[in-house]
Protein chains: 2
Amino acid sequence: MTDHTSPALTTALAYHDAWTSKDLEKAMTYIADDIVCDAPAGRIEGVEAYRAFLAPFAQTLLSTKMIAAFGDEETALVMYDTESIPVPSAPGAECVTVTNGKITYSRFLFDRAPFLAAAQAAS
Amino acid sequence: MTDHTSPALTTALAYHDAWTSKDLEKAMTYIADDIVCDAPAGRIEGVEAYRAFLAPFAQTLLSTKMIAAFGDEETALVMYDTESIPVPSAPGAECVTVTNGKITYSRFLFDRAPFLAAAQAAS
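Keep in mind that this is a model prediction, so the values were computed, not measured.

Participant: Any chance you could explain the packing of aromatic side chains here in plain terms?
Facilitator: Two descriptors summarise a pair of aromatic rings, namely the distance from one centre to the other and the angle between the planes of the rings. Residues and elements named next belong to chain A. On inspection of all chains with the given rule, the structure shows 17 aromatic pairs over all chains. The interplanar angle of 80° and the centroid separation of 5.7 Å between the aromatic rings of Phe57 and Phe115 together place this pair among those described as edge-to-face. Here Phe115 lies in helix α4 (residues 113–122) and Phe57 lies in helix α3 (residues 47–60), a separation of 58 residues in the sequence. Taken together, the ring pairs in this structure connect Tyr15, Trp19, Tyr50, Phe53, Phe57, Tyr80, Phe108, Phe110 and Phe115 into an aromatic cluster.

Written out as structure tokens, the structure reads:
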């Protein structure tokens, strides 16, 4: 299911492996300084804003499992499942554009509903 | 971005084109009778349940745009944006398993939050 001949996918998987093993510093080495990420709650611009978006979730992550991963020269598309402290099963999908080994654009998709419900239950 | 040499992707795109052009009957010809679909609200089993899941959204769909589509022999992964009456921009991602030209399993991902908010605002 995974085509390792895709340069974009190689970067996307290295980034994925880094953040899901909670090595956020390493993950950020694959993110362009001027990344633009369209996430469920809106647009995120710049690597520091992206780190602030990803860090809280990475901290609560318990496990992850890749569902499918594909890519070509400049685009990679991955879907994975996550188990985190607030939500036992929450899939995510990321479609990333990669230039010179860095993710410059990301369309980041997950269902916010179970996270909003967990936050409400905790408050 | 789209590999038309993938048999699974050919089926996934034919199904996608059919339901997004509101030809639900044609779309269902690509769905196995015993489809299992893991959607945000839970598991859907069987083609009739799947039709009941897809039909209401297809009816409110105004436009759609493929973001990326990849596949291999038996798996396809697509991400697309949708514009619908309740929500102006809502991406979806589907990872499907295809056997003999029919989708037998689907992991179906979208963010329920804007749809829940729209339903709440309308009630």
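Participant: Just to check I follow, could you spell out the sheet that holds strand β5 (residues 92–99) of chain B for this structure?
Facilitator: Strand-to-strand pairing in sheets goes through backbone hydrogen bonds, with the strands running parallel or antiparallel. Residue and element names in this part refer to chain B. Here six strands make up an open sheet; going across it, the order is β2-β1-β6-β5-β4-β3 and the pairing mixed. Where the open sheet ends on each side, the last strands, each with one partner, are β2 (42–45) and β3 (61–71). Mean inter-strand twist for the sheet, computed between neighbouring axes without regard to direction, equals 20°. Where β5 lies against strand β6 (residues 102–110), eight bridges are found, and the strand directions are antiparallel. Each residue of the ladder has a partner; that of Thr99, found in β6, is Lys102. Helix α1 (residues 7–20) rests against β1 (31–39), β3, β4 (75–84), β5 and β6 of the sheet, and its axis sits at about 175° to β3. Packed onto the sheet, helix α3 (residues 47–60) meets β1, β2, β3, β4, β5 and β6 and runs at close to 65° relative to β1.

Participant: Is there a simple way to think about the interface of chain A and chain B in this case?
Facilitator: The extent of an interface is frequently quoted as the accessible surface area lost upon association of the parts. On the side of chain B, 26 residues touch chain A, which itself brings 26 residues to the contact. At the boundary of chain A with chain B, total buried surface from both sides reaches about 2,100 Å², with 74% on carbon and sulfur atoms. Of all residues in chain A, the largest losses of buried area upon contact with chain B belong to Phe70, Arg107 and Leu109 of chain A, amounting jointly to 30% of the total for that side. The interface formed by chain A and chain B holds four salt bridges in total. Ionic pairing is found between Asp111 of chain B and Arg112 of chain A, a salt bridge with its closest N-O pair at 2.7 Å. Along the contact surface separating chain A from chain B lie four residue pairs in polar contact (both at pLDDT 80 or more). Of all the secondary structure elements, the ones that give two or more residues to the side of chain A that touches chain B are β3 (61–71), β4 (75–84), β5 (90–99), β6 (102–110) and α4 of chain A. Considered class by class, the residues forming the side of chain A that touches chain B number 16 nonpolar, four polar and six charged.

Participant: I would appreciate a short explanation of empty space enclosed by the protein in the present structure.
Facilitator: Any empty space left between the atoms is revealed when a probe the size of a water molecule rolls over them. Per the stated rule, a full pass over the model turns up two cavities of 30 Å³ or more. Its volume calculated, the largest cavity comes out at about 50 Å³. What lines the largest cavity is Ala12, Tyr15, His16, Ala76, Val78, Glu94 and Val96 of chain A. Listing elements by their share of the lining of the largest cavity, those giving two or more residues are α1 (7–20), β4 and β5 of chain A. Ranked by residues supplied to the lining of the largest cavity, first place goes to α1 of chain A with three residues. Broken down by class, the residue content of the lining of the largest cavity amounts to five nonpolar, one polar and one charged. Reported here for the second largest cavity is a volume of approximately 30 Å³. Lining the second largest cavity are Ala12, Tyr15, His16, Val78, Tyr80, Glu94 and Val96 of chain B. The set of elements that each furnish at least two residues to the lining of the second largest cavity consists of α1, β4 and β5 of chain B.

Participant: Looking at this structure, I do not really get the relation of the copies chain A and chain B. What am I missing?
Facilitator: Superposition of the two copies of the chain requires a rotation about an axis together with a shift along that axis. For the pair chain A and chain B, the relating rotation is 180°, the translation along its axis is 0.0 Å, and the fit reaches an RMSD of 0.0 Å. Considering both components of the superposition, the chain copies are consistent with a two-fold axis. Rotation axis and chain A: the residue whose C-alpha lies nearest the axis is Asp111 of chain A, separated from it by 1.9 Å. Both copies share a contact surface, since 100% of the interface residues of chain A are interface residues in chain B too.

Participant: Please explain the UniProt feature "domain: SnoaL-like" (unreviewed entry) in chain A as it appears in this structure.
Facilitator: Summarizing the sequence annotation, UniProt attributes the feature "domain: SnoaL-like" (unreviewed entry) to residues 14–105 of chain A in the numbering used throughout. As a span, residues 14–105 of chain A carries 28% helix and 52% strand, and end to end its C-alpha atoms are 16 Å apart.

Participant: Is there a simple way to explain the pattern of salt bridges in this structure?
Facilitator: When their charged atoms lie close together, side chains carrying opposite charge are able to pair. Residue and element names in this part refer to chain A. For the structure shown, the criterion picks out ten salt bridges over all chains. Among the ionic pairs, Asp38 bridges to Arg43, the shortest N-O distance being 2.9 Å. Through salt bridges with shared partners, one network takes in Glu25, Glu48 and Arg51.

Cut-offs used in this document
Residues numbered from 1 in each chain as written. Chains lettered and ligands numbered in written order. Predicted model: local features only at pLDDT ≥ 70, side-chain atom pairs only at ≥ 80, totals over all residues. Heavy atoms only, no water. Phe/Tyr/Trp six-rings, centres within 6.5 Å; stacked < 30°, edge-to-face > 60°. Helix = DSSP H or I, 4+ residues; strand = E, 2+ residues; numbered from the N terminus. Pairing = 2+ DSSP bridges. Axes fitted to C-alpha atoms, helices over the stretch in contact; angles between N-to-C directions. Contact = heavy atoms within 4.5 Å. Buried area = accessible area lost by both parts, 1.4 Å probe. Salt bridge = Lys/Arg side-chain N within 4 Å of Asp/Glu carboxyl O. Polar contact = N/O pair within 3.5 Å; in protein donor to acceptor, adjacent residues only side chain to side chain. Nonpolar A, V, L, I, M, F, W, Y, C, P; charged D, E, K, R; others polar. 1 Å grid on protein atoms, 1.4 Å probe; cavity = no way out; pocket = protein on both sides within 12 Å on 5 of 7 lines; lining within 4 Å. Points joined across faces, edges and corners; volume = space filled by probe spheres on them. Least-squares fit on C-alpha atoms with pLDDT ≥ 70 in both. UniProt positions renumbered as here; feature names shortened; annotations may be inferred.

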